[in-house]
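Chain by chain, the residues run as shown.
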Amino acid sequence: MNKFTKLEEIRGVGEKTSALFASRGLFTAGDLIACYPTGYDRYDDPVNVAEARPWQIVTLSLSVIGGGSTARAGKRTITHFQAGDRTGKVRLSFFNMPYLRGTLSPGSRHIFRGLLKTTKTGLYYMEQPQIFTPEKYAAVQNTMQPRYSLTKGLKNQTLVKAIRQVLEGYAFPADYLDEKERKEYGLIGQAEAVRKIHFPLTEEDVRSARRRLIFDEFFSFILTVRRQKAQAQDTENLRPMKEVPLTQDLIGKLPFQLTQGQQKAWKEIQKDLSGRHVMNRLLQGDVGSGKTILAFLALIMTAGNGRQGALMAPTEVLAGQHMKALCEMAEKYDLPVHPVLLTGSVKARERKKIYGEIASGKADIIIGTHALFQEAVEYHDLGLVITDEQHRFGVRQREGLADKGKEVPVLVMSATPIPRTLAIILYGDLQISELRELPADRLPIKNLAMEQGQRDKALRFLYRQVLEGRQVYVICPAVEPPDPEDMEDPSGLISPGTSGEMENVTDYTQMLREVFPPQIRIDSLHGRMKSADKEAAMERFAAHETDILVSTTVIEVGINVPNATVMLVENAERFGLSQLHQIRGRVGRGKDQSYCIFLYAQGKDRPERLDILVKNNDGFTIAEEDLKLRGPGDIFGVRQSGDLGFIMADIYADSGVMKLAAACVDRKLAKDSAYGAGIVKSVDFRTI
Ligand code: ADP
Ligand code: MG
């Protein structure tokens, strides 16, 4: 078995299961291997109620008192039980599981594991605890069990089983690090790391597995970048462009003045495009610093030179927004450009037409997602490639781009504040432009963190802002309420897991529609919608046909609606700091005062991390403070979200490993300049 082995060919994985895996983006053995746990459940010894600490995950051995009762709550039912031991009592609640009254019969003893909560008056309760018979619990006691991120219908136990199966039969490629090298870098073997990340015995196992896998992620990233660079290195710019009056003209007509940073960066880009060497530049600027206009100027300059410029965005929504903004600008200022939009959801007929226009050169500005760099797309005369929100793209998308863009000038734009020192390790000696200030007309965002118990106050505030004509985003971590039917089942009974309740877009939208008067227009947006529907929802919001948009983090990157002035984030404790900073960056984009409210789950201590955000609006400072707080190698902390396409590596927290990996790449390349073609593929298990 290797990484390309289809899941349905694996023993024990049926048709139904492989369809479930597919819906989670898992198609091959390699995909499964790279589906790392999001955490581990430690099954501790049961304790007495009197010893148990509230607001922690605890395991209790309790007898059920009485028969339990079921009540209706909206669309759901809640079933309550009283249970206890010699030292105290706990109330247990379960959603939509009235049948439990058959299992948890009066007087029966079970093991319950979950978050122990307490009411203001000191009564203990647990919601959706896992239930075990004493025998079943004994089987997992004192072990660490992997917890995976699941989708509807996919159970944790199904993943555990399939991954065990894969690991048994998997033929790992030879480790690219020999024993001596591993020792030198303090790393365990690749195969061992994969086994330990899924099925560790101790926390030390997790730590050493992570270190190796993170090293591999950095190694393949840096190797890819270095190899691309080697191709472009000091490549002579055979067709330098000319500066065109059109761009200067446009700058003069814009409704705002470019900031100093923008002016400087624009000069640098212009110089690169017309200079002797092929451009390879990173444009870094915090959210809202105004990177898009620079991309547009560069594209217009390229078109003005009779060549084609491509702009790649990480999401269809963002690509669509760029297209719209450029078209509006082209119309308003009568720019002689012919832009086209190419994304995965463009229909076959339209697509064919667009391909034709790209191949003939009729289209001179091409905006889209990574569909821009699929094999079928042939450019007439590609003169510039820009990637927006570069930190969102992984190694593989980058490779597709490198194939089309050999010797083509590249501008990458990123809002992830990578300190210059780290950027140089990652990207080698590429040129960097930085936008360190926001446009002058901006007021700093006012921030607030509150318990979810104070939601009413927040909602009243939203309401007042909407009455003043402003728009609001609400971010929820989930799309739908959890369905108990879907939850895992290691005990043979039920086991809803300990993830706790979190707000979801569906219920929240409903709730807002109930509490606000009908003239307030409320809409929702999430990743499970069809892309046409997503775009439509986004367009309605941009056109101010919607007042409040309830969304998941799909709006996290790039979206620009300057009239939106309030961002309300539910369950803020569930997001990484830089992710929250990016989310917050959706407001504060116009001249009006903007606000960001972080609501966190009740009962937990006020998360210290949120204070960093409340006190700072600057991405660099936040990243630094975050690192200080978490410390390097914090294995169970909230992770940054998928930056640079890494699954596990975090450029801040793991910068030590990053340096090691860079040194290792340089050493390998020094020995053999052709090193690496097959390595990247063997290091990354994923196939899509
Ligand atoms: P980001 O850097 O996050 O991509 P955008 O390019 O989307 O930011 O710009 C955010 C908003 O700021 C847009 O509405 C844009 O028109 C506006 N903007 C850009 N540059 C300036 C400027 N110099 N002065 C005022 N507004 C600006
Ligand atoms: Mg942007």
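Description of the structure in this document. (Residues numbered from 1 in each chain as written. Chains lettered and ligands numbered in written order. Predicted model: local features only at pLDDT ≥ 70, side-chain atom pairs only at ≥ 80, totals over all residues. Heavy atoms only, no water.)

## Topic: the site of ligand 1
Around ligand 1 there are 18 residues in total, and Gln 257, Gly 288, Thr 292, Arg 442 and Arg 589 lie nearest to it. Between ligand 1 and Lys 291, the relevant distance is 2.8 Å, taken from an oxygen atom to a side-chain nitrogen or oxygen of the residue. In the complex, 87% of the free accessible area of ligand 1, which totals 570 Å², lies under the protein chains. Of the residues belonging to the shell around ligand 1, the class tally is five nonpolar, eight polar and five charged. A domain split of the shell around ligand 1 shows at least three residues from each of domain 3 (240-435) and domain 4 (446-616). (Near = heavy atom within 4 Å. Polar contact = N/O pair within 3.5 Å; in protein donor to acceptor, adjacent residues only side chain to side chain. Areas by Shrake-Rupley, 256 points an atom, 1.4 Å probe, with all protein chains shown as cover. Nonpolar A, V, L, I, M, F, W, Y, C, P; charged D, E, K, R; others polar. Domains from an automatic or database assignment.)

## A few points about the pairing of strand β12 (residues 339-342)
Across four bridges, β12 lies against strand β13 (residues 365-368) in parallel orientation. From the neighbouring strand, Val 340 faces β13, where its bridge partner is Ile 366. In this fold, β12 hands off to helix α13 (residues 348-360), which returns the chain to β13; that crossover is right-handed. (Pairing = 2+ DSSP bridges. Helix = DSSP H or I, 4+ residues; strand = E, 2+ residues; numbered from the N terminus. Right-handed = clockwise from strand over helix to strand, strands pointing away.)

## Focus on α13
In this model α13 runs 18 Å from its N-terminal to its C-terminal C-alpha over 13 residues, within 8% of the 18 Å that 1.5 Å per residue would give. Every buried residue belonging to α13 is among Arg 351, Ile 354, Tyr 355, Glu 357 and Ile 358, and all of these are buried. An end-on view of α13 places all buried positions within 165° of arc, on one side of the element. Opposite the buried face of α13, by more than 90 degrees, sit the exposed residues Arg 349, Lys 352 and Lys 353. Just downstream of α13, Gly 361 is the residue with a positive phi angle, here 90°. (Expected span 1.5 Å × (residues − 1). Buried < 20%, exposed > 50% of the residue type's maximum accessible area, 1.4 Å probe, protein only. Arc of directions from axis to C-beta.)

## Digging into the nonpolar core
If you look at the biggest cluster of nonpolar residues, it comprises 71 residues, and the most contacted ones within it are Phe 215, Phe 218 and Phe 219. Residue assignment for this core shows that the elements contributing at least two residues are α2 (29-33), α5 (156-169), α7 (190-198), α8 (203-232), β15 (410-414), α15 (420-427), α22 (655-671) and α23 (677-683). Apart from residues no more than four positions distant in its own chain, Phe 218 is found in contact with Leu 426, Phe 646, Ala 649, Asp 650, Ile 651, Asp 654, Val 657, Met 658 and Ala 661. (Core = buried A, V, L, I, M, F, W, Y, C linked by side-chain atoms within 4.5 Å. Contact = heavy atoms within 4.5 Å.)

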